[in-house]
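One letter stands for each residue in the lines below.
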Amino acid sequence: MQIKKMFLRKISGIFPAGFGLRLSQKFVFLLFLSGFITLCFGTLFLLPDTSKFRRIFLSSTQSQNGERLHNYASKKMNKKTVEDQKSLLRNTNQEKWRSKDKFDVDVKPLGFIASNYKTQKEDMSLNREHIVSAKAKNKESMIPAAQKNHADFVFDYKAFKKSLKYPPLGNQPESNDSEIWEKRNKIKEMMKFAWESYKRYAWGENELRPVTKDGHFGSLFGGLKGATIVDALDTLYIMDLKEEFEDASKWVEDSLDLNVNGEASLFEVNIRYIGGLLSAYYLSGKEVFREKAIALGKKLLPAFSTPTGIPRGIINLGNGLNWSWGWASAGSSILAEFGTLHLEFLKLSELSGDPVFTEKVNTIRRILKKMEKPHGLYPNYFSPVSGSWVQHHVSLGGLGDSFYEYLIKSWLMSAKQDNEGKGMYYEAVE
């Protein structure tokens, strides 16, 4: 026994009585143990949602309901089953979402597409209200899609303009209210001041630094220039600033170079450049805006080359390489980014005759409609690879806001025919 005690004393830090640890060693051990437990629980909540984890935290009824929804989103079903599931997922209060307009909208074609495109897969069918069918009087001149080159397609702007219920700038009688005119003129004065300052100090750059009075190029647009010019086109036109609009139009025609090789935000390029060019085209009919918008839209298509079809957030406009933001959780795509493409891409198909743009955003719509939504809302982080939510973090501000806006705007832009978008919006509102 004496020998045993002597042996134990030789081992540093261990007391012979009960193999006890020093107080400092106990502290280190407990610190390590608590850190390990925290790491395990943190990993649990960061992992994509799975039925295994749901069974741990949910009741049996909740877990079963969740698994049914999850299985519906992941397995392939026949057409009848899909329709049945859609009706089950639809909110029982959908009756109150129906439009209460005093009259039904008679949807007329906004333009004449020379080809009647049909997709080969039933689940890739396009929304009829978005790709406008050819209804020209001379139907004999219609050419099948297989024989028609998209490059030869010409959108009939004059026919589009005639089909509008109101002209682009409206036809309401001018107000005689002096206060209204005073406010209008003040707003116009502010716009002119901002525009002239930009033109004086930062013409052709993406932004104006108002304090240092110089231009800022930025890194969001992948080498594209003149973001302020393109983004302001429709405002200049609507405010009847004709000289300023013509200057901006000339810059777009002569200086907006799309042959750039930089890392761009898919979301920003779409809403600023493509959105600005499309708005300017539908208002003015200038062909240069249509051509530039379509050309730029094609440069964004490689971002959709993912296992799910959900695009990544960053794309190199030169070589098509794309990836997710470094700060996005586990390589996620952001809801407000991939969900804010619908309006522009539908119009790109309308103006180009190429259904690929509509197919891309309809894929996004279809995936999001089928996904299980915690509390009926859409989380901000989605994996474009696994097709699942990466986190259940929800926001109606940054990271999520414009997705919800685009659902209801899509319904309005479709002459109130996109009931799918309207339904998804009001489900989220509930």
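Residues numbered from 1 in each chain as written. Predicted model: local features only at pLDDT ≥ 70, side-chain atom pairs only at ≥ 80, totals over all residues. Heavy atoms only, no water.

A. Structural detail: the sheet that holds strand β5 (residues 322-323). Read from one edge of the open sheet, three strands run β3-β4-β5, paired in antiparallel fashion. Both edges of this open sheet fall to β3 (263-265) and β5, since each of them pairs with a single strand only. The pairing of strand β4 (residues 314-316) with β5 spans two bridges and is classified as antiparallel. By the bridge assignment for β5, Ile314 is matched with Trp323. (Pairing = 2+ DSSP bridges. Helix = DSSP H or I, 4+ residues; strand = E, 2+ residues; numbered from the N terminus.)

B. Just a nonpolar patch on the surface, in detail. On the surface, Phe29, Leu30, Phe32, Leu33, Phe36 and Ile37 cluster together to form a nonpolar patch covering roughly 640 Å² of accessible area. Residue classification places Leu33 among the partly exposed positions, given a relative accessible area of 36%. (Patch = residues over 30% accessible without salt bridge, like charges linked within 9 Å, V, L, I, M, F, W, Y side chains within 5 Å. Areas by Shrake-Rupley, 256 points an atom, 1.4 Å probe, with all protein chains shown as cover. Salt bridge = Lys/Arg side-chain N within 4 Å of Asp/Glu carboxyl O. Buried < 20%, exposed > 50% of the residue type's maximum accessible area, 1.4 Å probe, protein only.)

C. Local environment of the packing of aromatic side chains. Using the criterion set out here, one finds 22 aromatic pairs in the structure. On the basis of an interplanar angle of 70° and a centroid distance of 5.1 Å, the ring pair of Tyr237 and Phe245 is categorised as edge-to-face. In this structure Phe245 comes out as buried when scored by relative accessible area, which is 4%. Relative to Phe289, the ring of Phe245 has its centre 6.2 Å away and its plane inclined at 65°; by these criteria the two rings are edge-to-face. Placement of Phe245 in helix α9 (residues 242-255) and of Phe289 in helix α11 (residues 287-300) is noted, with a sequence separation of 44 residues between them. With respect to class, Phe245 is no different from Phe289; both count as buried. Taken together, Phe155, Tyr157, Phe160, Tyr281 and Tyr282 form an aromatic cluster joined through their ring pairs. (Phe/Tyr/Trp six-rings, centres within 6.5 Å; stacked < 30°, edge-to-face > 60°.)

D. Structural detail: the environment of Tyr198. With respect to the element layout, Tyr198 can be found in helix α7 (residues 178-202). C-alpha separation for the pair Tyr198 and Asp214, spaced 16 residues apart in sequence, amounts to 8.7 Å.

E. Here's a closer look at the pattern of salt bridges. Applying the stated criterion across every chain, the model contains 14 salt bridges. Arg365 is the partner of Glu420 in a salt bridge, and the nearest nitrogen-oxygen pair spans 3.0 Å. A residue pair is termed long-range when its members are at least 10 positions apart, and Glu420 in helix α16 (residues 419-429) and Arg365 in helix α14 (residues 356-370) qualify at 55 residues. Residue class for Glu420 comes out partly exposed when judged on its relative accessible area of 27%. Looking at Arg365, the relative accessible area reads 6%, which means it is buried. What you see here is one network of salt bridges that share partners, running through Asp231, Glu268 and Arg272.

F. Local environment of the nonpolar core. Ranked by internal contacts, the top residues of the largest apolar core, which has 68 residues, are Leu224, Val252, Tyr273, Phe289, Leu368 and Tyr378. A total of nine residues in this core trace back to one element, the largest contributor, which is helix α10 (residues 266-284). Contacts of Val252, omitting those with residues within four sequence positions, involve Ile229, Val230, Leu233, Leu277, Phe289 and Lys292. Ile314, Ile334, Tyr381 and Val390 belong to the second-largest nonpolar core, a separate cluster that totals six residues. (Core = buried A, V, L, I, M, F, W, Y, C linked by side-chain atoms within 4.5 Å. Contact = heavy atoms within 4.5 Å.)

G. Representation of unusual backbone geometry within the structure. Look at Lys213: it is not a glycine, yet its phi comes out positive at around 55°. Considering the arrangement of structural elements, one finds Lys213 in the loop between β1 (207-209) and β2 (214-216). Located in the positive-phi region is Ala415, a residue other than glycine, with phi close to 60°. Relative to the helices and strands, Ala415 is located in the loop between α15 (401-413) and α16. Ala415 gets classed as partly exposed once you look at its relative accessible area, which sits at 26%.

H. Representation of the confidence of the model for the protein chain in the model. For the protein chain, per-residue confidence averages 78 on the pLDDT scale, and residues scoring 70 or more make up 69% of the total. Note on residues 7-19: pLDDT under 50 across the span, and 10 contacts to partners over four residues away in sequence or across chains. Within the model, the stretch residues 47-147 combines pLDDT values under 50 with 130 contacts to residues more than four positions away or in other chains. (pLDDT = per-residue confidence, 0-100.)

I. Molecular detail of the side chain of Ser402. Topologically, Ser402 is positioned in helix α15. In contact with Ser402, other than residues within four places in its own chain, are Phe267, Ala336, Gly339 and Thr340.

J. Just helix α13 (residues 342-352), in detail. The buried count for α13 comes to 11 of 11 residues, which makes it a mostly enclosed element. Taken as a whole, α13 has its buried residues at His342, Leu343, Glu344, Phe345, Leu346, Lys347, Leu348, Ser349, Glu350, Leu351 and Ser352. Here the buried face of α13 lies against α10, α11, α14 and α15. After α13 finishes, the residue Gly353 shows a positive phi value of roughly 80°.

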